[in-house]
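Listed here are the chains, written in short residue letters.
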Amino acid sequence: HIPGAVFLDLGALVDNTADAPNMLPPPEQFASRMQKLGIGDGSRIVVYDDRSQVRSAARAWFMFKLFGASNVAILDGGLAKWRAEDRPVESGPQERRSRHFTTYGSGREVRSKSDMLANIERPSEQVVDARPAERFEGATPEPREDMGAGHIPGAVNLPVGWLFEADGTWKDEDAL
């Protein structure tokens, strides 16, 4: 990992009481985890990942912003670009001190299932599906057995991979 980085286990940072998988954690759970990681109020937070297909850094960025962190960024190109530039890496856990993390926000940035169903009946928001086109179209099976093929009626497809250059960096504003 990048020197000084701590591991944010997104797979464990979910609401285990929710009916659906991978739902956002309650604010108290998020704050508690950040405190234990040494991330507190006023921290400058830079998130990154090391995969080309799954953009977990974007989910981490969204969660931080949703829960009120104001100084958060994504490392363009992630760990792959960091290593390609021959920058330092280290192994092992980081020492960290507990810090206070206060969650803020209305939660209106997230839509519920009932919100989504109402939007199908009376479209007032544009739904964007970030999955690959083949999954959006229902041409390839979903990775989880409990998910049906296809997409939410009225959704448009913007495959997440389209947002990135071949080297894993974000496309610039003109390219987008």
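Sequence order sets the numbering: in each chain, residues are counted from 1 along the sequence as written. Only residues with pLDDT of at least 70 get local features here, since the model is predicted, and only at 80 or more are side-chain atom pairs given and counted; chain-wide, interface and lining totals rely on the full set of residues. The basis for every side-chain value is the complete set of heavy atoms in the structure, and neither hydrogens nor water enter the calculation.

Asks: Account for helix α1 (residues 27–37), naming residues and giving values.
Replies: Buried means the residue's accessible area, taken with a 1.4 Å probe over protein chains only, is under 20% of the maximum for its type, while exposed means over 50%, and partly exposed covers the values in between. Numbering of helices and strands runs from the N terminus, with a helix taken as a DSSP run of H or I at least four residues long and a strand as a DSSP run of E at least two residues long. Here α1 has its buried residues at Phe 30, Ala 31, Met 34 and Leu 37. Considered in projection along α1, the buried side chains sweep an arc of 125° and stay on one side of the axis. Opposite the packed face of α1, turned more than 90 degrees from it, sit the exposed residues Glu 28 and Lys 36. Summarising the contacts, the buried residues of α1 are in contact with α2 (56–66). Taken from the residues just after α1, Gly 38 is the one with a positive phi, measuring 85°. In this context, the arc is that of the directions from the helix axis out to the C-beta atoms. Any two residues whose heavy atoms approach within 4.5 Å at even a single point are treated as in contact.

Asks: Just give me the short version of the packing of aromatic side chains, but keep the residues and values in it.
Replies: Working definition: a ring pair exists when centres of Phe, Tyr or Trp rings (six-membered ring for Trp) sit within 6.5 Å. Plane angles under 30 degrees give stacked, over 60 give edge-to-face, the rest tilted. A full pass over the atoms with the stated rule returns five aromatic pairs. For the ring pair Phe 30 and Phe 101, a centre distance of 5.6 Å and an interplane angle of 70° mean the geometry is edge-to-face. Taken as a pair, Phe 30 in helix α1 and Phe 101 in the loop between α3 (78–84) and α4 (113–121) lie far apart in primary sequence, 71 residues in all. Taken as a pair, Phe 30 and Phe 101 share a single burial class, namely buried. We count a charge as sitting over a ring when the NZ of a lysine or the CZ of an arginine lies within 6 Å of the ring centre and within 35 degrees of the ring normal. Sitting over the face of the ring of Trp 162, Lys 171 holds its NZ or CZ atom 4.5 Å from the ring centroid.

Asks: I'd love a proper account of the nonpolar core, names of residues and values included.
Replies: Here, nonpolar core means buried Ala, Val, Leu, Ile, Met, Phe, Trp, Tyr and Cys residues that are tied together by side-chain atoms lying within 4.5 Å of each other. Counting residues in each nonpolar core, the largest one holds 19 residues, and the members touching the most others are Leu 8, Phe 30, Met 34, Ile 39, Ile 45, Phe 64 and Phe 101. Looking at this core, the elements that each hand over two or more residues are α1, β1 (45–47) and α2. Broken down by element, the residue count for this core peaks at five residues, all from α2. The residues contacting Leu 8, other than those within four sequence positions of it, are Leu 13, Met 34, Leu 37, Ala 60 and Phe 64.

Asks: I'd love a proper account of the side chain of Lys 171, names of residues and values included.
Replies: In this structure, Lys 171 sits in the segment after β4 (156–157). With no salt bridge to any partner, buried Lys 171 finds its closest opposite charge in Glu 165, at an N-O distance of 5.8 Å. Within polar-contact distance, the side chain of Lys 171 engages the backbone oxygen of Trp 162 at 2.8 Å. Beyond its immediate stretch of four places on either side in the chain, Lys 171 contacts Trp 162, Leu 163, Phe 164, Glu 165 and Leu 176. Neither His nor the chain ends is counted toward charge; the positive residues are Lys and Arg and the negative residues Asp and Glu. The salt bridge definition used is simple: a Lys or Arg side-chain nitrogen within 4 Å of an Asp or Glu carboxyl oxygen. Nitrogen and oxygen atoms within 3.5 Å of one another constitute a polar contact, given that in protein one can donate a hydrogen and the other can accept it, and given that sequence-neighbouring residues count only through two side-chain atoms.

Asks: Got a sec to walk through the environment of Val 110? Specific residues and values, please.
Replies: Relative to the helices and strands, Val 110 resides in the loop between α3 and α4. What makes Val 110 partly exposed here is its relative accessible area of 31%. Separated by 99 residues in sequence, Val 110 and Gly 11 have C-alpha atoms that sit 19 Å apart. Setting aside chain neighbours within four positions, we find Val 110 in contact with Leu 24, Phe 62, Leu 66 and Asp 115.

Shape descriptors only; they carry no functional weight alone.
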